[in-house]
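Working through the structure, step by step
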Amino acid sequence: MAVLKAFAEQLVNLTVKEVNELAQILKDEYGIEPAAAAVAVAAAPAAGGAAAEEKTSFDVVLKAAGANKLAIVKLVKELTGLGLKEAKDLVDGAPNNIKEGLAKADAEALKKQLEEAGAEVELK
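Read on for a plain summary of the structure. (Residues numbered from 1 in each chain as written. Predicted model: local features only at pLDDT ≥ 70, side-chain atom pairs only at ≥ 80, totals over all residues. Heavy atoms only, no water.)

As a further point, take the pattern of salt bridges. As enumerated under the stated definition, the model contains seven salt bridges in all. For lysine 63, the salt bridge goes to glutamate 120, with nearest N and O atoms at 3.5 Å. With lysine 63 in strand E1 (residues 58-64) and glutamate 120 in strand E3 (residues 120-123), this pair connects stretches of sequence that are 57 residues apart. Note on lysine 63: relative accessible area 35%, which makes it partly exposed. A salt bridge links lysine 69 to aspartate 92, with the shortest nitrogen-to-oxygen separation between them at 2.4 Å. With lysine 69 in helix H4 (residues 69-80) and aspartate 92 in helix H5 (residues 84-92), this pair connects stretches of sequence that are 23 residues apart. Several salt bridges converge on common partners, so that one network encompasses Glu9, Lys111 and Glu115. (Salt bridge = Lys/Arg side-chain N within 4 Å of Asp/Glu carboxyl O. Helix = DSSP H or I, 4+ residues; strand = E, 2+ residues; numbered from the N terminus. Buried < 20%, exposed > 50% of the residue type's maximum accessible area, 1.4 Å probe, protein only.)

Next comes the structure, spelled out in structure tokens:
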């Protein structure tokens, strides 16, 4: 299950170019042709005629602490350098940003760490 979840996360984070390349590989190698509408939407340029740019800065947002709130508070304290009370207030006030302006790999690693502790997290 964990392998499939990681695979699904990779698929969700593909760029438009990578989605188009994946569609071509599926067609050429396996004879699977994605719906034309889905490919057309994915390939459409952004407003103003410019190609969509890949996002380079991410915020990690705690949506909910989950069942193991104490572990999440401790982890947030460790990750942010906040005091215990401030970390608890941050967790209690979810949804809240945990870290802002991270590189994609760093944001994904932080998200994974929080999710493994039981938190509900998203990248923005």
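Next up on the list: the sheet that holds E3. Read from one edge of the open sheet, three strands run E2-E1-E3, paired in antiparallel fashion. The open sheet has two edge strands with one neighbour each: strand E2 (96-102) and E3. When strand polarity is set aside, the average angle formed by the axes of neighbouring strands in this sheet is 20 degrees. For E1 and E2, the ladder comprises four bridges, and the chain directions are antiparallel. Looking across to E2, one finds that valine 61 is bridged to asparagine 97. (Pairing = 2+ DSSP bridges. Axes fitted to C-alpha atoms, helices over the stretch in contact; angles between N-to-C directions.)

The geometry of H4 relative to H5 is characterised by a closest axis approach of 8 Å and an angle of 120 degrees between their N-to-C directions. Between H4 and H5, the crossing angle belongs to the class labelled oblique. When you trace H4 past H5, the crossing you get is right-handed. Where H4 approaches H5, its residues Lys69, Ile72, Val73, Val76 and Lys77 are matched on the opposing element by Leu84, Ala87, Lys88, Leu90, Val91 and Asp92. Its residues assigned to classes, the contact of H4 with H5 shows seven nonpolar, no polar and four charged. (Parallel < 35°, antiparallel > 145°, perpendicular 65-115°, else oblique. Left-handed = near helix turned anticlockwise from the far one by under 90°. Contact = heavy atoms within 4.5 Å. Nonpolar A, V, L, I, M, F, W, Y, C, P; charged D, E, K, R; others polar.)

For the rest of this paragraph, the subject is the nonpolar core. Counting 19 residues, the largest nonpolar core has Val60, Leu62, Ile72, Val76, Val91, Ile98 and Leu114 as the members making the most contacts within it. If one sorts the elements of this core by residue count, H4 sits on top with five residues. Ignoring any residue separated from it by four or fewer positions in sequence, one finds valine 60 in contact with Asn96, Asn97, Ile98, Lys99, Leu102, Ala107, Leu110, Leu114, Val121, Glu122 and Leu123. (Core = buried A, V, L, I, M, F, W, Y, C linked by side-chain atoms within 4.5 Å.)

This part takes up unusual backbone geometry. Cis rather than trans, the peptide bond between alanine 94 and proline 95 has omega equal to 10 degrees. Mapped onto the fold, proline 95 is located in the loop between H5 and E2.

Another point: a nonpolar patch on the surface. The grouping of Phe7, Leu11 and Leu22 at the surface amounts to a nonpolar patch, some 250 Å² of accessible area in total. Position of phenylalanine 7 relative to the elements: it lies in helix H1 (residues 2-12). (Patch = residues over 30% accessible without salt bridge, like charges linked within 9 Å, V, L, I, M, F, W, Y side chains within 5 Å. Areas by Shrake-Rupley, 256 points an atom, 1.4 Å probe, with all protein chains shown as cover.)

Next up on the list: helix H2 (residues 16-30). Residue pairs three or four apart in sequence face the same way in an α-helix, which turns once every 3.6 residues. Its 15 residues place the ends of H2 21 Å apart at the C-alpha level, agreeing with the 21 Å of an ideal helix rising 1.5 Å per residue. Glycine 31 occupies a position one or two residues after H2 and carries a positive phi of about 70 degrees. (Expected span 1.5 Å × (residues − 1).)

This is a description of form; function is not addressed.
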